[in-house]
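Each chain, letter by letter, is given below.
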Amino acid sequence: MPALQPEDAILATYREHGHALVRGIPAEAIMAEMYGKYEGCSHGRGGSMHIFDSRTRFYGGSAIVGGGLPLAVGFALADKLKHRPRVTACFFGEGAVAEGEFHESLNLASLWQVPALFLCENNLYAMGTALERSEADTDLCEKARSYRIAARSVDGMDVMAVMEATAQAAAEVRAGGGPQFIEFRTYRFRAHSMFDPELYRSKAEVEQWKKRCPIRAFTTRLQVEGLLDEARLAAIEADVAAEITRAVAFAEAATWEPVENLTRDVYTARAA
Amino acid sequence: MNETLTKVRITTYREALREALREALQRDERVFLMGEDVGRYGGTYAVSKGLLEEFGEARIRDTPLSESAFVGAGIGAALNGMLPIVEVMTCNFSLLALDQIVNNAATIRHMSGGQFSIPLVIRMATGAGRQLAAQHSHSFEGWYAHIPGIRIVTPATLEDARGMLWTALMDPDPVIMFENALLYNLEGELAPGAGAVDIDRAAVRRAGSDLTLVTYGGSLGKTLQSAERLAAEGVSAEVIDLRTLRPLDMPTVLASLGKTHRMVIIDEGWKSGSLAAEIMARVMEEAFFELDAPVARVCSAEVPIPYPKHLEDAAIPQVGTIVDAALRTVNRHV
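Parameters at a glance
The residue numbering used here restarts from 1 in each chain and proceeds along that chain's sequence as written. As they are written, the chains are lettered A onward and the ligands numbered 1 onward, keeping that order. Under the rules for a predicted model, residues below a pLDDT of 70 receive no local features and side-chain atom pairs below 80 are neither given nor counted, while totals for whole chains, interfaces and linings still include all residues. Hydrogens and waters are ignored; side-chain quantities use all the structure's heavy atoms. Any two strands with at least two DSSP bridges between them are considered paired. Strands are runs of DSSP state E lasting at least two residues, helices are runs of H or I lasting at least four, and both sets are numbered from the N terminus onward. Contacts are assigned to residue pairs that have any heavy atoms within 4.5 Å of one another. Every axis corresponds to a line fitted to the C-alpha atoms, with the helix fit spanning only the stretch in contact, and the corresponding angles, defined between N-to-C directions, vary from 0 to 180 degrees. Relative accessibility thresholds used throughout: buried, under 20% of the residue-type maximum; exposed, over 50%; partly exposed, between the two (1.4 Å probe, protein chains only). A helix's residues, less one, multiplied by 1.5 Å, set its expected span. Each reported salt bridge corresponds to a side-chain nitrogen of Lys or Arg within 4 Å of a carboxyl oxygen of Asp or Glu. Take the accessible area each of two parts loses on contact, using a 1.4 Å probe, and add the two losses: that sum is the buried area. Polar contacts, as counted here, are pairs of nitrogen or oxygen atoms within 3.5 Å of one another; within protein the pair requires one atom able to donate a hydrogen and one able to accept it, and residues that are adjacent in sequence qualify only if both atoms are side-chain atoms. Where each domain begins and ends is defined by an automated method or by a domain database. Should an angle lie under 35 degrees it is considered roughly parallel, over 145 roughly antiparallel, and from 65 to 115 roughly perpendicular; all remaining angles are considered oblique. Three residue categories are used. Nonpolar comprises Ala, Val, Leu, Ile, Met, Phe, Trp, Tyr, Cys and Pro, charged comprises Asp, Glu, Lys and Arg, and polar comprises the others, including Gly. Looking down the strands as they point away from the viewer, one classifies a crossover as right-handed if the path from the first strand across the helix to the second runs clockwise.

**Observations concerning the sheet that holds strand S9 (residues 180–185) of chain A**
Either a parallel or an antiparallel arrangement is found when strands of a sheet pair, and the pairing is made through backbone hydrogen bonds. All names here are of chain A. Read across the sheet, seven strands follow the order S2-S3-S1-S4-S5-S9-S8 without closing on themselves; strand pairing throughout is mixed. Bordering the open sheet on either side are strand S2 (52–53) and strand S8 (150–155), each of which pairs with just one other strand. Here strand S4 (residues 88–93) pairs with strand S5 (residues 116–122) via six bridges, running parallel. The residue bridging Thr88 from the neighbouring strand is Ala116, located in S5. Its contacts with the sheet place helix H3 (residues 68–81) against strand S1 (9–13), strand S3 (58–62), S4 and S5, and it is angled at close to 170° to S4. Contacts from helix H6 (residues 159–174) reach S5, S8 and S9 within the one sheet, and its direction differs from that of S8 by about 165°.

Here it is, written out as structure tokens:
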């Protein structure tokens, strides 16, 4: 996210809460959205999977795997046609790679050389289906390269590696070098949803990945390098806890959209 | 006024559409056209012929055969400040883009709490009658009209072919324009000053007093011919062209019914779950006591549209079947 400018556009997945927070949508508005409250960033209409925020150019929050990629091509095409030095950042999981929309969109983005940055969070499981059980070729970068898109794979558990790779790719895309693809090799510690009994992976595997927790690893690195002392760390953790408490309190106190509004914004209201 | 400006001229539905496209491209630099074979080929139905030479490759964009990607790209570009016109070759092919149309174009405004508009126009050819068999000949207007969040328009006249596009582009919400492929060669008179028309109201195309014939798109011509035939038999039929299938202009339909008390709906979609069924249901809900006879329907037979001409003709509404249904409705046995 630090690689992106305020005028850039972001398209994310249904697991977009982190992206939304880092992009600058207030935690209160995100939490209220997850509660379905009117003060949520989408007035509670979208909920957890559909965070939208015009102020930060955050265009959802899509729950159709792969469904955001065609939009990203259009966003980037508009910027290209208008000669705006912007980047469209499109997040998706490795599960999207199996969708036709992934292939159609990468081909179109490359054909038209639009400034789109395709960001694939490969957490190895599309819900409960492991990558090697769904893809004949698990090398995701090769798929992007087959459309003549520059592609790189980075350790998604390494904060600095992610930042460096993204900053470099975003700068190249912004400079007019055409679309790029980055695979972040990462993992999902928690279940897919509240209804997921996690029959498809072992506890040992999860524990193994947890040891590589990017937040913990980055913290340790900062401590080792003497950039973060205990007092500062405690202050950050207290800040985060307070932010969450504030967000929950805000969402609890927030209101429900009046039922009379149900059909509002299906269409734009016509001037009488 | 100069005589040449006021004189009507003979043109075609295709040319009227092209003129509308040209005007839109000239009027607003945010407008661009994309789709399969819209550029070098000149458009599958030659609607966009010559536009590539006039406006260049940036604004007249040939796409790969990737309906989902280029329809979705239209949605993205519309969200990002452009006014895209996306052409899908036929509505059968649009099913490959259904995810983008239904899950994105139709939902984003409501789901985002009204934060975003999608001023996109998707044009697609529809309808049977050209012996192209079941994967080129279906009419999905009624299906699309099921979906809240998009507007459905069906130009059936030269005026509407000329005038609906600009209004649709200026609408902040996504509009799908269904062009019945048999209409492209339709020839007629068009006033030189013809321009934007409303996309909100149905139109009474012929006034009558004995019964109301409700139709749209490719069936309008056949329905008007049927009304002519009925007049010869002493039956005065009013013909309503719905023009917009979503939202439906029921007040115009019900006003006519209030006058005639009898109704036949002509709809090239399949009968089960059709737009005709929706109109019948609304008549039941809103005007049951106006009816002097059951509402009748002339729809397509419930088959994939077949290739041989005699079977294709038998599968879709025709003047004969419309006239028969009308006569039955006015208690004239046939």
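Anyway, onward from the coordinates.
**Details of the side chain of Asn123(A)**
Residues and elements named next belong to chain A. Counting through the fold element by element, Asn123 comes out in the loop between S5 and strand S6 (125–126). Take Asn123: its relative accessible area is 12%, and that puts it in the buried class. Excluding residues within four positions of it along the chain, Asn123 makes contact with Arg15, Glu94, Thr186, Tyr187 and Arg188.

**Looking at helix H4 (residues 100–112) of chain A**
All names here are of chain A. Here H4 contains 13 residues, and its C-alpha end-to-end distance of 18 Å stays within 8% of the 18 Å for a straight helix at 1.5 Å per residue. Turning to H4, its buried residues are Glu101, Phe102, Glu104, Ser105, Leu106, Leu108, Ala109, Ser110 and Trp112. Gln113 sits one or two positions beyond H4 and adopts a positive phi of about 50°.

**Section: the sheet that holds strand S5 (residues 121–126) of chain B**
All names here are of chain B. Strand order in the open sheet formed by seven strands is S3-S2-S4-S5-S7-S6-S12, and the pairing between neighbours is mixed. Bordering the open sheet on either side are strand S3 (60–62) and strand S12 (244–246), each of which pairs with just one other strand. Across the sheet, the mean angle from the axis of one strand to that of its neighbour is 20°, orientation sign disregarded. Pairing analysis gives five bridges linking strand S4 (residues 83–90) to S5, with the strands arranged parallel. Paired with Val88 across the strands is Met124, a residue of S5. Strands strand S2 (31–35), S4 and S5 of the sheet are contacted by helix H4 (residues 67–79), whose axis makes an angle of about 160° with S4.

**Let's talk about the pattern of salt bridges**
Tallied over the full model, the rule gives 37 salt bridges over all chains. Among the salt bridges present, the one from Arg152(A) reaches Glu172(A), with a minimum N-O distance of 3.4 Å. Linking Arg152(A) in strand S8 with Glu172(A) in helix H6, this pair joins segments that are 20 residues apart in sequence. Overall, the relative accessible area of 31% leaves Glu172(A) in the partly exposed class. Two residues, Arg205(B) and Asp160(B), come together in a salt bridge whose shortest N-O distance is 3.1 Å. Here the residue Arg205(B) occupies a position in strand S9 (residues 203–206), and Asp160(B) occupies one in helix H8 (residues 158–170), the gap between them amounting to 45 residues. Overall, Arg205(B) belongs to the partly exposed group, its relative accessible area being 31%. Looking at Asp160(B), the relative accessible area reads 3%, which means it is buried.

**A short note on the interface of chain B and chain A**
Listed as interface residues are 47 residues of chain B and, on the opposing side, 40 residues of chain A. Taken over both partners, the interface formed by chain B and chain A buries close to 3500 Å², and the fraction arising from carbon and sulfur atoms is 59%. For chain B, the biggest contributors to the area lost against chain A are Asn80(B), His110(B) and Met111(B); these three give 20% of the whole. Seen at the junction of chain B and chain A, the total is three salt bridges. The residue Asp265(A) makes a salt bridge to Arg109(B) at a minimum N-O spacing of 3.4 Å. In this assembly, chain B and chain A are joined by 26 residue pairs in polar contact (both at pLDDT 80 or more).

**Considering the domain arrangement of chain B**
Residue and element names in this part refer to chain B. Assigned domains of chain B: these are domain 1 (9–190) and domain 2 (203–329). Its C-alpha centre places domain 1 at a distance of 26 Å from the equivalent point of domain 2. On the domain 2 side, the residues contacting the 29 residues of domain 1 number 23 residues. Overall, the association of domain 1 and domain 2 removes approximately 2100 Å² of surface from exposure, summing both partners, and the carbon and sulfur fraction of that is 56%. Inspection of the domain 1/domain 2 interface yields two salt bridges. For Arg243, the salt bridge identified is with Asp160, shortest N-O distance 2.8 Å.

**Points about the packing of H4(B) against helix H5 (residues 98–105) of chain B**
Residues and elements named next belong to chain B. Two numbers describe how H4 lies on H5: the axes approach to 8 Å, and their chain directions differ by 25°. The angle between H4 and H5 places the two elements in the roughly parallel class. Touching Ser68, Val71, Gly72 and Ile75 of H4 are Gln100, Ile101, Asn104 and Ala105, all from H5. Grouping the amino acids of the contact of H4 with H5 by side-chain chemistry returns four nonpolar, four polar and no charged.

**As for the pairing of S9(A)**
Residue and element names in this part refer to chain A. For S9, a buried count of five out of six residues is recorded, marking the element as mostly surrounded by other parts of the structure. Sheet topology note: the S5/S9 ladder contains six bridges and is parallel. Across the sheet, residue Leu117 finds its bridge partner in S9, namely Gln180. Tracing the backbone out of S8, into H6 and back to the parallel element S9 gives a crossover that is right-handed.

**Some thoughts on the side chain of Gln180(A)**
All names here are of chain A. By secondary structure assignment, the location of Gln180 is in strand S9. Under the relative-accessibility criterion, Gln180 is labelled buried at 4%. Within polar-contact distance, the side chain of Gln180 engages the side chain of Glu172 at 2.5 Å. With residues near it in sequence (within four places) discarded, Gln180 still touches Ala116, Leu117, Phe118, Ile149, Ala150, Arg152, Ala169, Glu172 and Val173.

**Here we look at the pairing of S3(A)**
Residue and element names in this part refer to chain A. Where burial is concerned, most of S3 is hidden: five out of the five residues are buried. As paired elements, S1 and S3 share three bridges and run parallel to each other. Counted as the bridge partner of Thr13 is Ser62 from S3. Examined bridge by bridge, S2 and S3 share two bridges and lie antiparallel to one another. Considered in S3, the bridge of Asp53 is made with Phe58. Counted between consecutive antiparallel strands, the loop separating S2 from S3 contains four residues, among which Arg57 sits at a positive phi close to 55°.

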